[in-house]
Structure formats: C-alpha cells, structure tokens
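Chain by chain, the residues run as shown.
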Amino acid sequence: MYKIMTPGPTQVKENVRMARARECTNPDLDGEFLEFYKETCGQLSRLLHTSNETLILGGEGILGLEAACASLTEPGDRVLVLDNGIFGKGFADFVSIYGGKPELYTVDGKNPIDPDVLDGYLKEHHGFKYATLVHCDTPSGILNDIHTLCPLLKKYGILTVVDSVSAMFGEKVHVDEAQADILCGGSQKAVSAPPGLAFATISGDAKRAMAERKTPIASFYANLKVFEGYYEKKWFPYTMPISDIYGLQAALSNIEQDSGMLLRHARLGQACRQAVKDAGLKLHLEQGFSNTVTVLDVPGETTAEAILETMQKEYNIMLSGSFGSLAGHVVRIGHMGANANFQDMAETMDALGQTLEKLGVPLACSLKERFCQLYRTV
Ligand SMILES: *Cc1c(COP(=O)(O)O)cnc(C)c1O
C-alpha cells in the first residue's frame, strides 16, 4: 500500500473504514436509516455553517456539480461560468448539456478571480440566471475567495453554484456568510472518506428557482428536486448507499472533533510552499494558494513521470501529476484531510527532496529540514 499524498482521494482513517463495515438494514424501508440520513445531512449543514438544507447524493463528487446545473438550467438560460482553472471551465459543459448558454468569464489561471474586476464586468453584463465558480481548482491549486465573490454575484441578483469539493474542511467555508446558493462537496477530498458520495447545500433562493421552472428538470439522477419532501414522505428517490453514508458520518465526526483542522492545514500549506521556494523550486501559482494542495512546476532537469515513479517505487508515497493543459508540467502534493498531518508531510518532503536529488535536480536546502523548521515557526 502506498501512502497516498494526492489531492483526492485521500487517506481514510480506520474508524471510517470500520463504520462502512457496520451491519446494514434496508435503507428504503427502515425509519432508523431515514433518521440517520437526515441527521448526517444536518451534521454537514452545521459543519458548513448554514441553515440551508444539505442533501447527500449517491454518486461521486461530479454528480453534485451536474445535479446543481441540471436543476437550475432551463433551455436558453444564460449562465456565467467563472473560469480560472480546469474545473472552472468544465462547468460550461454541464450548462450546455442541459440547454443553457454558458458565458465564460476567463481569467489567468495563476491568480484568483479579482472581485473588483468582476464587479466592473457585472456592471456591463446582465441577464445571468446563475454563476458557477470553483473554490479550490485542484489541478492548479488555485483558491478563489467565495466569501467575497458569491455576495457580489448575489448583489446583481445572480444565483451561485460553488464547487468546494477540494476546499471544504481544509479552507474556511461559511455558506451563510458567502450566501452561496448551491455549494457542492464530495466524500474523497478533505472529508477523507472513500469516493462515492456527493453532497450539496441548497438555499431558499435555489429552491425557489427550481420551483419556478417552466420546464421539467431534464434528469432524474442529477436532479435535486426529486428529494423534495423525502423525509415527510419517508421515501428516497433511489436506494441510498447505506455503507457509504455510515462511513461519511464517521468522517464528519472526525472533522467535528478536530478543532485545529483549519489551522493545521494553514500551517502545513504555508510551510510546504515556503520550503519548496527556499529549496529553489518553483510554485506553479503566483497568488491564491489553497492550503489543501501544493502544486510545483516540474524542474527542467527531469519529468513529472520520473518524479511520481521514483516517489512510488523507492519511497512508497503517491503524489499526483495533473491533467488537461497542466499534464506533465506540474506535480501536486495533496495535504488535505487525513493527509494533513505533520508526520506524513515531513516524510513526503524528505522523500521528494531525495527523489529530486537522484533525478539531478539541485536543491538549495533540504526540503524536509526546511519544512520542519518552518512548521514550528509559522
Ligand atoms: C475532485 C474534485 C471533483 C470531483 O471530481 P473527480 O475528478 O471525479 O474526483 C470536483 N471538483 C473539484 C474541484 C475536485 O477537486
């Protein structure tokens, strides 16, 4: 088994694995499971600081993004797609599939979206039903300030769909403060449960927009409205993956009990980035670093493939490359959720330093020593 230090899926703690092995009831018929489902949704709402309802969907993280777009988009709707990364741009496909007209607001992929510049754009461009944005665009690790961007969009009467899959619980998420209408998460990032579940918080405005549709939602599985009244009706739209939800609940309880989680992510992220720079390596981004993932440019002396392979073969640690236009150009260290602990990070930095030296990349200092020093002081 590799030590996985990838930006999702992440390590899964033993109590989460054990919870998934619990004895199963019939989740369609057993009232106890109905209560358990509702309580787990409530736990998510609490952890995400919202009075909005949260739904857990039986499908991987992508299902939440698609369901949000399917549920809000009517044919011909104009949708503003904020794009400074691969997931950001990807929302345009979901909008198009459901008949909407995506309008890309594309900015340079090495910096976060600037709310002042967006404000200027919104003064000139009108008529958007909703906007999509990504909290942490994981392939580059860029972090967008959803707590400023969403209220700005709301001021212009634009609903927001936020992908916080790889940011939540490693970065601050306060849904009510952000006034985010649909905010999506997944089980396999900082939550640190295995892949398989998506979840979404849904505001009153988003529910109204769904209720006021003139056309039906063009999907059953990617449809948030099919859950309407499930608790009162004691009826799920499809059989819920009960073991996955048992695991998720245990993972959420780990988060609930871990009061230092955000601070630890901040310290690890900062120490990792600074150590990378001090060693003479280059961070991929200019600004807007998420504390859940560090993305570095591959040094000229070697290749991403060689780094990842050496890390696996010689040190048993799995890092990640990237995809799309970033494939081959960067290496990513995922320090989110259960990965975000000093021990594993120190080991990873040690192995990465040795790997790079083996591959002929000169380093200005020991990555591990610098990381450990910095972690104590940041
Ligand atoms: C991981 C992730 C998802 C879920 O997508 P998969 O690639 O299928 O894991 C969605 N959005 C973001 C930003 C993610 O990092």
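All figures in this text were calculated on a predicted structure; none of them were measured in a lab.

Criteria and thresholds
Going along each chain's sequence as written, the residues are numbered from 1 onward. With pLDDT at 70 or above as the cut-off, local features in this predicted model cover only qualifying residues; side-chain atom pairs require 80 or more to be listed or tallied, and sums for whole chains, interfaces and linings still use all residues. The side-chain numbers reported here are obtained from all heavy atoms of the structure, hydrogens and water having been left aside. The pairing criterion for strands is at least two bridges between them, as found by DSSP. Segments assigned H or I by DSSP are reported as helices when at least four residues long, segments assigned E as strands when at least two residues long, and all are numbered from the N terminus. Interaxial angles span 0 to 180 degrees and are taken between N-to-C directions of axes, which are lines fitted to C-alpha atoms, for helices over the stretch in contact. In this description, contact between two residues means that some pair of their heavy atoms is separated by no more than 4.5 Å. Burial classes: relative accessible area under 20% of the type maximum marks a residue as buried, over 50% as exposed, and values in between as partly exposed (1.4 Å probe, protein chains only). The near set for a molecule or strand comprises every residue that places at least one heavy atom within 4 Å of it. Any pair of nitrogen or oxygen atoms within 3.5 Å is treated as a polar contact; in protein, a donor-acceptor pairing is required on top of that, and neighbouring residues in sequence qualify only through side-chain atoms on both sides. Accessible surface is estimated by sampling points in the Shrake-Rupley manner with a 1.4 Å probe; for residues, cover comes only from the protein chains shown. In this classification, the charged set is Asp, Glu, Lys and Arg, the nonpolar set is Ala, Val, Leu, Ile, Met, Phe, Trp, Tyr, Cys and Pro, and all remaining amino acids, among them Gly, are polar. What fixes the domain bounds is an automatic or database domain assignment. Summed over both partners, the accessible surface that disappears when two parts come together, traced with a 1.4 Å probe, is what is meant by buried area.

**So, the sheet that holds strand S4 (residues 101-106)**
An order of S2-S10-S9-S8-S5-S3-S4 is seen for the 7 strands of this open sheet, with the pairing classed as mixed. Of all the strands in the sheet, just strand S2 (53-57) and S4 have a single pairing partner and so form its edges. With strand direction ignored, the average angle separating the axes of adjacent strands in the sheet is 20°. Lying over the sheet, helix H4 (residues 86-97) contacts strand S3 (78-83), S4, strand S5 (130-134) and strand S8 (159-163), oriented at roughly 160° with respect to S3. Relative to strand S10 (residues 198-202), helix H8 (residues 204-211) is tilted by about 95°, and along the sheet it contacts S2, S8, strand S9 (182-186) and S10.

**A look at the pairing of S10**
Consecutive side chains along a regular strand alternate between the two faces of the sheet. Among the 5 residues in S10, 5 count as buried, and that is most of the element. Going residue by residue along S10, you find Ala198, Ala200 and Ile202 tucked away on one face and Phe199 and Thr201 tucked away on the opposite face as well.

**Some points on the site of the ligand**
As a matter of local geometry, the ligand sits amid Glu60, Ile62, Phe87, Cys136, Thr138, Asp163, Val165, Ser166, Gln188 and Lys189. Threonine 138 has a polar side-chain atom sitting 2.3 Å from an oxygen atom of the ligand. One nitrogen or oxygen atom from the side chain of lysine 189 is found 2.7 Å from an oxygen atom belonging to the ligand. Starting from 380 Å² of accessible surface for the ligand in isolation, the protein chains cover 81%. Considered class by class, the residues forming the shell around the ligand number 4 nonpolar, 3 polar and 3 charged.

**Some points on the domain arrangement of the protein**
Often, the extent of an interface is quoted as the loss of accessible area upon association of its parts. According to the domain assignment, the protein contains domain 1 (14-256) and domain 2 (261-377). Facing the 23 residues of domain 1 at the interface are 25 residues of domain 2. Between domain 1 and domain 2 lies a buried interface of about 1,800 Å² when both sides are counted; carbon and sulfur atoms form 61% of it. Considering only the surface of domain 1 that becomes buried against domain 2, Ile86, Lys110 and Pro139 emerge as the three largest contributors, covering 28% of it.

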